[in-house]
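Report on the structure
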Amino acid sequence: MVSPLPPIGLGTWENDDPTQCARSVRTAIELGYRHVDTAEHYGNESAVGDGIEEADAPRDELFLATKVHPISGGLTYDEVLEEADASMERLGVDYLDLLYVHWPVGEYEAAETLGAFEHLVEADRVRHVGVSNFDVDLLDEAREVLDSPLFAHQVELHPFLPQRELVEDAQRHEYTLVAYSPLARGEALTNETICDIAEQYETSPAQVALAWVTSHENVVAIPKATSSAHLEDNLGAAALELDDEDIARIDDIERRTRFVERDGAPWQ
Ligand code: NAP
């Protein structure tokens, strides 16, 4: 299966200044980004909505994803319905392309939480169901309780955290793995192997890291970028194809680092 999502989307975590955030989103859409990722927990949905409005792209050409959070909102049935409505209100849209469970912690309970997601799908308010920061057991459980297909799993994935088991699960069960922090929060850009390969292809380390992430079947990336130069650079990664030998060199990087943690995460 080839993911229905474009290989490169836009991350917006910590793009906190409303004017800057709206400008980044608008610039990204004008450059050709079509998948925009936010979350109620980022506190920037209104600014993301402003950027979308300013870019004036037809709504049906955009793929807009947000997330309900166990702490900022809550994951009971009623809370999910209320938060999804509030997110749509802030974003200025009447449907979401993708809604994720941000973390399977706190009140997360597969049947109840995902039951609310099903309700939103049936009511035409949410097109696709996603989960984030799950492990394979939680993914199995989610698939068991869902009538709609599980569309996406969003997890940290970059050259220092290749997530092979989760990539395989996405390929086997035919959903998209959305790679967050695909630049290792910027740290991949100074890695010697990545810089060396970038020089060889006469491109940037960011493009090499992103091309490696998206070389995996069913995997797309959502790098966060603020400036138009970074936005343009990252989008260009979609056209970069690395040789098998260079992919293998990045596979062989020994460093293992996870940058995003929270109490109760399934891997702890
Ligand atoms: P990231 O995308 O790996 O890295 C972002 C950093 O790289 C920023 O400092 C950015 O700087 C810099 N950068 C971007 N493009 C660059 C380029 N071409 N050259 C040089 N530097 C560049 O990290 P992230 O923000 O953690 O992850 C991406 C997105 O994933 C988030 O924004 C969010 O949407 C999502 N996410 C989801 C979760 C979850 O729990 N589901 C957790 C973390 C992240 P500038 O801003 O200055 O451009």
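Here is a short report on the structure shown in this document. (Residues numbered from 1 in each chain as written. Predicted model: local features only at pLDDT ≥ 70, side-chain atom pairs only at ≥ 80, totals over all residues. Heavy atoms only, no water.)

1. Section: the nonpolar core
Most often, soluble globular proteins keep nonpolar side chains buried together rather than apart. As a reminder of what qualifies: To qualify as a nonpolar core, a set must consist of buried Ala, Val, Leu, Ile, Met, Phe, Trp, Tyr and Cys residues joined through side-chain atoms within 4.5 Å. Only protein chains enter the accessibility calculation, which uses a 1.4 Å probe. A residue is then buried if its area is under 20% of the maximum for its type, exposed if over 50%, and partly exposed in between. Here a helix means four or more residues in a row that DSSP labels H or I, a strand means two or more in a row labelled E, and each is numbered from the N terminus.
Judged by nonpolar contacts, the single largest core of 74 residues is most densely connected at Y108, L114, L177 and L242. It is helix α8 (residues 205-213) that provides the largest number of residues to this core, a total of seven residues. One finds L5, Y180, V220 and I222 within the second-largest nonpolar core, a separate group that totals 15 residues.

2. Section: the site of the ligand
How we decide: Only heavy atoms are used to decide nearness, and a residue is near a molecule or strand if one of them lies within 4 Å of it. Polar contacts here mean pairs of N or O atoms no more than 3.5 Å apart (in protein, one a potential hydrogen donor and the other a potential acceptor; neighbouring residues in sequence count only if both atoms are side-chain atoms). Note that accessible areas follow from Shrake-Rupley with a 1.4 Å probe, and for residues the cover is restricted to the protein chains shown. Throughout, the ten residues Ala, Val, Leu, Ile, Met, Phe, Trp, Tyr, Cys and Pro are labelled nonpolar, Asp, Glu, Lys and Arg are labelled charged, and all others, Gly among them, are labelled polar.
By nearness alone, 30 residues border the ligand, and D37, S181, R185, T226 and H230 come closest of all. T12 places a polar main-chain atom, nitrogen or oxygen, 3.1 Å from an oxygen atom of the ligand. Alone, the ligand offers 900 Å² of accessible surface; in the complex the protein occludes 86% of this. Broken down by element, the residue count for the shell around the ligand peaks at three residues, all from helix α9 (residues 228-236). Here the shell around the ligand is composed, by residue class, of 13 nonpolar, twelve polar and five charged.

3. A word on the sheet that holds strand β5 (residues 150-156)
Selection rule: At least two bridges found by DSSP between two strands are what make those strands a pair. Angles run from 0 to 180 degrees between N-to-C directions of axes, and those axes are lines fitted to C-alpha atoms, restricted for helices to the stretch in contact. By definition, residues are in contact when any of their heavy atoms lie within 4.5 Å.
Taken in spatial order, the seven strands of this open sheet run β1-β2-β3-β4-β5-β6-β7, and their pairing is parallel. Bordering the open sheet on either side are β1 (35-37) and β7 (219-221), each of which pairs with just one other strand. Adjacent strand axes in the sheet meet at a mean angle of 30°, parallel and antiparallel pairs treated alike. Sheet topology places strand β3 (residues 96-101) next to strand β4 (residues 126-132); five bridges connect them, and they run parallel. Residue pairing in the sheet places L96 in a bridge with V126 of β4. Each of β2 (63-68), β3 and β4 touches helix α4 (residues 110-122); the most contacted strand, β4, lies at about 160° to it.

4. Here's the deal with the pairing of β2
Here is the rule we go by: Handedness of a crossover is defined as follows: with both strands directed away from the viewer, a clockwise route from the first strand across the helix to the second makes it right-handed.
Burial analysis of β2 places six of its six residues in the buried class, the great majority of the element. Residue alternation in β2 divides its side chains into two sets, F63, A65 and K67 and L64, T66 and V68, and both sets are buried. Considered for its hand, the β-α-β crossover made up of β1, helix α2 (residues 45-55) and β2 is right-handed. Direction of pairing for β2 relative to β3: parallel, over a ladder of four bridges. Each bridged residue has a counterpart across the sheet, and for T66 the counterpart in β3 is L99. Between β2 and its parallel partner β3, the chain crosses via helix α3 (residues 77-91), and the hand of that crossover is right-handed.

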